[in-house]
Amino acid sequence: AQSVAQPEDQVNVAEGNPLTVKCTYSVSGNPYLFWYVQYPNRGLQFLLKYITGDNLVKGSYGFEAEFNKSQTSFHLKKPSALVSDSALYFCAVEDFNKFYFGSGTKLNVKP
Amino acid sequence: EPEVTQTPSHQVTQMGQEVILRCVPISNHLYFYWYRQILGQKVEFLVSFYNNEISEKSEIFDDQFSVERPDGSNFTLKIRSTKLEDSAMYFCASTLLTEAFFGQGTRLTVV
């Protein structure tokens, strides 16, 4: 069965510092991996995806994610966090047109 | 930019009442979905819809739930007799290939 794990419920980082939000996955076959962000009382916004190709994927708002097949990870990163990045982040895997989401990680960026 | 729109943004209903949540997916998309997010919990798959029929549904999607695409543009989720535990954010999504576009969600509150 496909599954996604986000081991951290919350990540705290100071503005200007690099941030990492962790995600590991378990899929059969080649994974299609995604990151979505959810701001308070809003829907899910697409950030980036990995389908194939370069292991480093660049997405919206300066975010990037690194696909690591040997570690089955797809960590979300940003070199310099902004207070406005504070939100809930979901990692997801897509399998036959169905998305499996992680439990979400709340990112707090302090000024 | 194309977007998935959902109405209403917030619905309050009495237990036992029927509710219909509405969605307008992106026009050239082929797959349509409903997901649910109970407050503070992960986003859960409810049902997928392709070629005018349900292609997959989760164990959450029991007989009180139904979906319909009545006019080729709208995609509705009906809950026949709401329960307190149906209170959640309901997201509609549509996909063409690999990326899912999510609506802003309908917050359903059952009292």
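This text follows the structure it describes.
Quick look at the structure, then. Bear in mind the structure is a predicted one, so any value in this text is a computation, not a measurement. Just so you know, the residues in each chain are numbered from 1, in the order the chain's sequence is written. Lettering for chains starts from A, numbering for ligands starts from 1, and both go in the order in which the items are written. Local features are withheld for residues below a pLDDT of 70 in this predicted model, meaning they are given only at 70 or higher, and side-chain atom pairs are given and counted only at 80 or more; totals for whole chains, interfaces and linings count all residues. Side-chain numbers here rest on the full set of heavy atoms in the structure, without hydrogens or water.

**Details of the environment of Pro31(A)**
Residue and element names in this part refer to chain A.
Thought 1: Segments assigned H or I by DSSP are reported as helices when at least four residues long, segments assigned E as strands when at least two residues long, and all are numbered from the N terminus. With respect to the helices and strands, proline 31 occurs in the loop between strand 4 (24–26) and strand 5 (32–38).
Thought 2: Sequence spacing of proline 31 and glycine 59 is 28 residues, and the spatial spacing of their C-alpha atoms is 18 Å.
Thought 3: Here proline 31 is in contact with Tyr25, Tyr50, Ile51, Phe67 and Val93, once residues within four sequence places are set aside. Residue contacts are counted whenever heavy atoms from the two residues lie within 4.5 Å of one another.

**A short note on the interface of chain A and chain B**
Thought 1: Opposite the 20 residues of chain A that make contact, chain B presents 19 residues.
Thought 2: What gets called buried area is simply the loss in accessible area from a 1.4 Å probe that two parts show on being joined, summed for both. Across the chain A/chain B interface, buried area totals approximately 1,700 Å², and carbon plus sulfur atoms make up 51% of it.
Thought 3: Salt bridges are defined as contacts in which a side-chain nitrogen from Lys or Arg sits within 4 Å of a carboxyl oxygen from Asp or Glu. Taken together, chain A and chain B are joined by zero salt bridges.
Thought 4: By the criterion applied in these results, polar contacts are pairs of N or O atoms within 3.5 Å in which, for protein atoms, one can donate a hydrogen and the other can accept it, and in which residues neighboring in sequence qualify only through two side-chain atoms. Linking chain A with chain B are four residue pairs in polar contact (both at pLDDT 80 or more).
Thought 5: Elements supplying a minimum of two residues to the side of chain A that touches chain B: strand 5, strand 6 (44–50), strand 10 (87–95) and strand 11 (98–101) of chain A.
Thought 6: A total of four residues in the side of chain A that touches chain B trace back to one element, the largest contributor, which is strand 5 of chain A.

**What to know about the environment of Glu44(B)**
Residue and element names in this part refer to chain B.
Thought 1: Among the secondary structure elements, glutamate 44 is positioned in strand 5 (residues 43–50).
Thought 2: Relative accessibility decides the category of a residue: with a 1.4 Å probe and only protein chains considered, values under 20% of the type maximum give buried, values over 50% give exposed, and everything between is partly exposed. On the basis of relative accessible area, glutamate 44 is assigned to the partly exposed category, the value being 23%.
Thought 3: Separated by 14 residues in the primary sequence, glutamate 44 and serine 58 have C-alpha atoms spaced 8.8 Å apart.
Thought 4: Filtering out sequence-adjacent residues up to four positions away, glutamate 44 remains in contact with Tyr35, Arg36, Ile38 and Ile60.

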